[in-house]
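Notes for the structure review
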Amino acid sequence: MSPHDEKKPTDFIRTIIEQDIARNLNNGQVVTRFPPEPNGTLHIGHAKSICLNFGIAEQYPGSRCHLRFDDTNPEKEEVAYIEAIKEDVRWLGFDWGDHLYFASDYFERLYQLAEVLIEKGKAYVCSLSADQMRSYRGTLTEPGKESPYRHRTVEENLTMFRAMRAGTYPDGAHTLRAKIDMSSPNINMRDPTLYRIRRVPHHQTKDLWCIYPTYDYTHCISDALEGITHSLCTLEFEDHRPLYDWILDELKDELPCHPRQIEFSRLELDFTVMSKRVLTTLVTGHHVSGWDDPRLPTIAGIRRRGYTPASIRHFCRLIGITKAPNHVEMALLENCLREDLEINAPRAMAVLDPVRVILDNLPEGYQEEITVANHPQNPGLGSRTIVLTREIFIERDDFEETPPKGFKRLIPGGEVRLRHAYIIRCESVLKDPKTQAVTAIVCHVDKDTMNRAPEGRKVKGVIHWVSAQRHCQAEIRLYESLFLVPHPLDHKAGGSFLDHINPDSLKILNHCPVEESLAQWQPGRPVQFERLGYFALDHRDSNPGRPVFNRSVSLRDSWAKEKTKSQ
RNA sequence: UGGGCCGUCGCCAAGCGGUAAGGCACCGGAUUUUGAUUCCGGCAUUCCUAGGUUCAAAUCCUAGCGGCCCAGCCA
């Protein structure tokens, strides 16, 4: 499934864009950009933005989408994140072509434009400390006070700004500020900081600079320099739009265009967190194994979990683009994966919690090779051979001595079909004399039932199995949500998000018998373990002959639902 | 409390003055060698509330109510 062959989504942003094209604004061109800061890895919320920006570029002829690293704060950024982010965007199926940029590419131009602002009397060097600046800013309800440095002459500002660049002053001694309105009801317009002094080497520009421009100053100009037509961002930047427009208006004689910023709501997912700060805490506090922990909503995590790029793209299409809170249930994401994998994942058998079954009318050493389709509906997925032996493993909960109402699996004296093989009847049960735990089940094979319905009776139950003699041992990891509450960051109930961590979010099963065909499974290739769910080989922890499988998502289980209902 | 934004089914979301799409979830039922898939059927007389305008309002007006964001030299 490629992003090209699906029905095009419509949303308010695309509506605006189509109107702009119809009016021949920007010569009918559309240029978008995805502007991550390389200070962490991407998560599924970013995927929404990526799908939007790159999706628009794919949709309208002659359009493009830039990948631009918003690298204005070297203290928090790392090169490693740059490569990780590129990999994530590529993995999602998008291509920026030649349009890879860094905000730091524009540092010199940005500096020159700052001098233009100073010359116009629209920016000044302020010598207030950070604390002082905060108290001068006022509050949400009270206007701010003007800085005592606000009326420095253009010459003095120019001299000092150049000295800032030259490294004359210590870190934090001065800032360059826009001269707008200290009594604006919009706090972002109360003389926002444009430049700060930071003696920190930058991952791209090394130690060329000791002053760095802020986001607000950099972003709008970068957009304009690249000819971005529609600058799409999340709702929290709505209050910054007046500043975005102010800077571009003041600099309109120096810049090629004035992009339009449009905001949409960010994605939130139930039972997880999307905040970079919180994700960082989870990783550095070792609550998870790393940025790619399969329980995390990071792109790296969901990839390792076994999500496919197509399922993520599909998800992003379903959630839509609006300005209303986009707080989506995990079930929708899971369903997108199931939908993809139902069609595309080959099937195999694995037993999570094995109990031994002895087929007493098969001789010792019996081995029957059975060729089975890898997919019930899709012959294109080929076939494989499984082997039936005298002893096999089945799932412990596929057998009940005292079955609940509606149970259609194996019971004493009852019959069930072994998937892809014969119908068996339970003859007796062997138990540990001390614990009374079932150690083995003795069954009789009805040899007349391979690929055939039995004579004169109906056998409804079908269970999966793996040969006890011929199998591979795998480690299987089952996941549940990382948090126990739908909104872990909701502080109204008190406590920290750490209090809501699910202690059972990871369950490791160490010795699971799985089909031999799974011994050499390729990473990145999904598989359905029949009746259990979809799984993916863990590329990090698997070893030859000792595969580790992550459960990406379980199958729908109406029996489990029915059981919990009757309880 | 100042400013910005949002409120259509449990969750997303169409709708833009002509009488409430769709998906997920949920509830039935059929088919099934995966209790999966597939299929078929059900699921908002009502759009945050209250007034008003109109032949006609989720859509327009007014007043409320509720939620989110902003006081980094972060992005």
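Residues numbered from 1 in each chain as written. Chains lettered and ligands numbered in written order. Predicted model: local features only at pLDDT ≥ 70, side-chain atom pairs only at ≥ 80, totals over all residues. Heavy atoms only, no water.

Regarding the overall build of chain A
Defined as follows: A run of H or I in DSSP counts as a helix once it spans at least four residues, and a run of E counts as a strand once it spans at least two, with each numbered from the N terminus. To get the radius of gyration, use the C-alpha atoms; to get the globule rule, take the number of residues to the power 0.38 and multiply by 2.2 Å. Only protein chains enter the accessibility calculation, which uses a 1.4 Å probe. A residue is then buried if its area is under 20% of the maximum for its type, exposed if over 50%, and partly exposed in between. The contact criterion used throughout is that any non-hydrogen atoms of two residues lie within 4.5 Å. All accessible areas in this document rest on Shrake-Rupley with a 1.4 Å probe, and a residue is counted as covered only by the protein chains that are shown. For the purpose of charge, His is not counted, nor are the chain termini; Lys and Arg are scored as positive and Asp and Glu as negative. By convention, the point assigned to a charge is CZ for Arg, NZ for Lys, CD for Glu and CG for Asp.
Secondary structure assignment for chain A yields 13 helices and 26 strands. Here the C-alpha atoms of chain A give a radius of gyration of 31 Å, more than 25% beyond the 24 Å that 2.2 N^0.38 yields for 567 residues. C-alpha atoms of chain A, sized along the principal axes, occupy 100 × 55 × 45 Å. The proportion of buried residues among the 567 residues of chain A is 53%. Long-range contacts, defined as pairs at least 24 residues apart, comprise 72% of the intrachain contacts of chain A with a sequence gap of at least 6. On chain A, roughly 25,800 Å² of surface is accessible, and the fraction owed to carbon and sulfur atoms is 50%. Each charge sign in chain A was given a centre, from 73 positive and 80 negative side chains, and these centres are 3 Å apart.

What about the protein's contact with RNA strand B?
Filter applied, for reference: Whether a residue is near a molecule or strand depends on its heavy atoms: it is near if one of them lies within 4 Å of it. Two N or O atoms form a polar contact when they lie within 3.5 Å of each other; inside protein one atom must be a possible hydrogen donor and the other a possible acceptor, and for residues adjacent in sequence the pair counts only when both atoms belong to side chains. Here the nonpolar group is Ala, Val, Leu, Ile, Met, Phe, Trp, Tyr, Cys and Pro; Asp, Glu, Lys and Arg are the charged ones; every other residue, Gly included, is treated as polar.
In the vicinity of RNA strand B there are 66 residues, among which Thr-72, Thr-322, Arg-347, Arg-409 and Arg-556 approach most closely. The share of sugar and phosphate among atoms of RNA strand B within 4 Å of the protein is 66%. Contacts to RNA strand B include Arg-417, whose side-chain N or O atom sits 2.9 Å from a base oxygen. Between Gln-528 and RNA strand B, the recorded distance is 2.5 Å, taken from a side-chain N or O atom to a base nitrogen. Going through the elements one at a time, helix H5 (130-136), strand E6 (193-197), helix H11 (309-319), strand E11 (326-328), helix H12 (330-344) and helix H13 (558-566) are the ones with two or more residues in the surface near RNA strand B. Of the residues in the surface near RNA strand B, the class split is 22 nonpolar, 20 polar and 24 charged.

A closer look at the confidence of the model for chain A
Regions with low pLDDT should not have their predicted coordinates read in detail. Rules: For every residue, the pLDDT score states the predictor's confidence, bounded by 0 at the bottom and 100 at the top.
With 98% of its residues at a pLDDT of 70 or more, chain A shows a mean pLDDT of 96. Counting interchain partners and residues more than four positions distant, the pLDDT-below-50 stretch residues 1-5 has 8 contacts. ipTM for the predicted complex: 0.97, alongside a pTM of 0.96.

Considerations on helix H8 (residues 241-250)
Leu-243, Tyr-244, Trp-246, Ile-247, Leu-248 and Glu-250 are the residues of H8 that are buried. Contacts from the buried residues of H8 go to helix H4 (107-119), strand E5 (175-178), helix H7 (215-225), strand E8 (230-234) and strand E9 (260-264).

Observations regarding empty space enclosed by the protein
For the record, the criterion: The pocket and cavity definitions rest on a 1 Å grid over protein atoms only: a 1.4 Å probe that fits but cannot leave marks a cavity, an open set with protein on both sides within 12 Å along at least five of seven lines marks a pocket, and residues lining either have an atom within 4 Å of a point. Grid points are joined across faces, edges and corners, and a volume is the space filled by probe spheres set on the points.
For the coordinates displayed, the defined rule picks out 1 cavity of 30 Å³ or more. Here the largest cavity defines a volume of roughly 30 Å³. The wall of the largest cavity is formed by Tyr-215, Asp-216, His-219, Cys-220, His-240, Tyr-244 and Gln-261. The leading source of residues in the lining of the largest cavity is H7, at 4 residues. Residues of the lining of the largest cavity, tallied by class, amount to 3 nonpolar, 3 polar and 1 charged.

Things to note about the domain arrangement of chain A
Quick note on the threshold: Either an automatic procedure or a domain database provided the assignment from which the domain bounds are taken.
Domain annotation for chain A reports domain 1 (13-102 + 216-336), domain 2 (107-215) and domain 3 (352-463). Relative to domain 3, the C-alpha centre of domain 1 lies at a distance of 51 Å.

What about the sheet that holds strand E3 (residues 100-102)?
Note the cut-off: For two strands to be treated as a pair, DSSP must find at least two bridges joining them. Helix axes are fitted only over the stretch in contact, all axes being lines through C-alpha atoms; the angle between N-to-C directions runs from 0 to 180 degrees.
Taken in spatial order, the 3 strands make up an open sheet running E1-E2-E3, and their pairing is parallel. Since the sheet does not close on itself, it has two edges, and those belong to strand E1 (31-34) and E3, each with one partner. Along the sheet, successive strands turn relative to each other by an average axial angle of 35 degrees, direction set aside. As judged from the 4 bridges shared by E1 and strand E2 (residues 64-69), these two strands associate in the parallel manner. Each bridged residue has a counterpart across the sheet, and for Phe-34 the counterpart in E2 is Leu-67.

Brief notes about the side chain of Asn-374
With respect to the helices and strands, Asn-374 occurs in the loop between strand E14 (367-373) and strand E15 (383-389). The class of Asn-374 is buried, set by a relative accessible area of 9%. Within the structure, Asn-374 has its side chain in polar contact with the backbone oxygen of Leu-381 (distance 2.9 Å). Contact partners of Asn-374, with chain neighbours within four places excluded, come to Ala-345, Pro-346, Arg-347, Leu-381, Gly-382, Ser-383 and Arg-384.

Some points on the pattern of salt bridges
Rule in force here: In the sections that follow, a salt bridge refers to a side-chain nitrogen of Lys or Arg positioned within 4 Å of a carboxyl oxygen of Asp or Glu.
One pass over the structure, following the stated rule, counts 45 salt bridges. Ionic pairing is found between Asp-131 and Arg-134, a salt bridge with its closest N-O pair at 3.1 Å. One end of the pair, Asp-131, and the other, Arg-134, are both in helix H5, 3 residues apart, so they sit about a helical turn from each other. The partner of Asp-171 in a salt bridge is Arg-199, and the shortest N-O contact between them spans 3.2 Å. Of this pair, Asp-171 sits in the loop between helix H6 (154-166) and E5 while Arg-199 sits in the loop between E6 and strand E7 (211-213); the two residues are 28 residues apart in sequence, bridging distant segments of the chain.

As for the packing of helix H2 (residues 44-59) against H11
To be explicit about the condition: Geometric relationships in this document are graded by angle, where less than 35 degrees denotes roughly parallel, more than 145 denotes roughly antiparallel, 65 to 115 denotes roughly perpendicular, and other angles denote oblique.
Taken N-terminus to C-terminus, the directions of H2 and H11 make an angle of 75 degrees; their axes are 9 Å apart at the nearest point. Considering the angle they form, H2 stands roughly perpendicular to H11. Residues Ile-44, Ala-47, Lys-48 and Cys-51 of H2 form the contact with H11, whose own contacting residues are Ile-312, Arg-313, Phe-315, Cys-316 and Ile-319. Along the lines of polarity and charge, the residues of the contact of H2 with H11 split into 7 nonpolar, no polar and 2 charged.

What to know about the nonpolar core
Rules: Residue types Ala, Val, Leu, Ile, Met, Phe, Trp, Tyr and Cys, when buried and joined through side-chain atoms within 4.5 Å, form a set referred to as a nonpolar core.
Among the nonpolar cores identified, the biggest contains 38 residues, and Phe-161, Leu-176, Tyr-195, Ile-211, Tyr-217 and Ile-221 are the most heavily contacted of them. Secondary-structure elements contributing two or more residues to this core are H4, strand E4 (123-126), H6, E5, E6, E7, H7 and H8. Looking at this core element by element, the count peaks at 8 residues for H4. Counting contributing residues per domain, this core is built from domain 1 (13-102 + 216-336) and domain 2 (107-215), each supplying no fewer than three. In terms of nonpolar packing, the next biggest core, distinct from the first, is built from 37 residues, Ile-44, Ile-85, Leu-92 and Val-553 among them.

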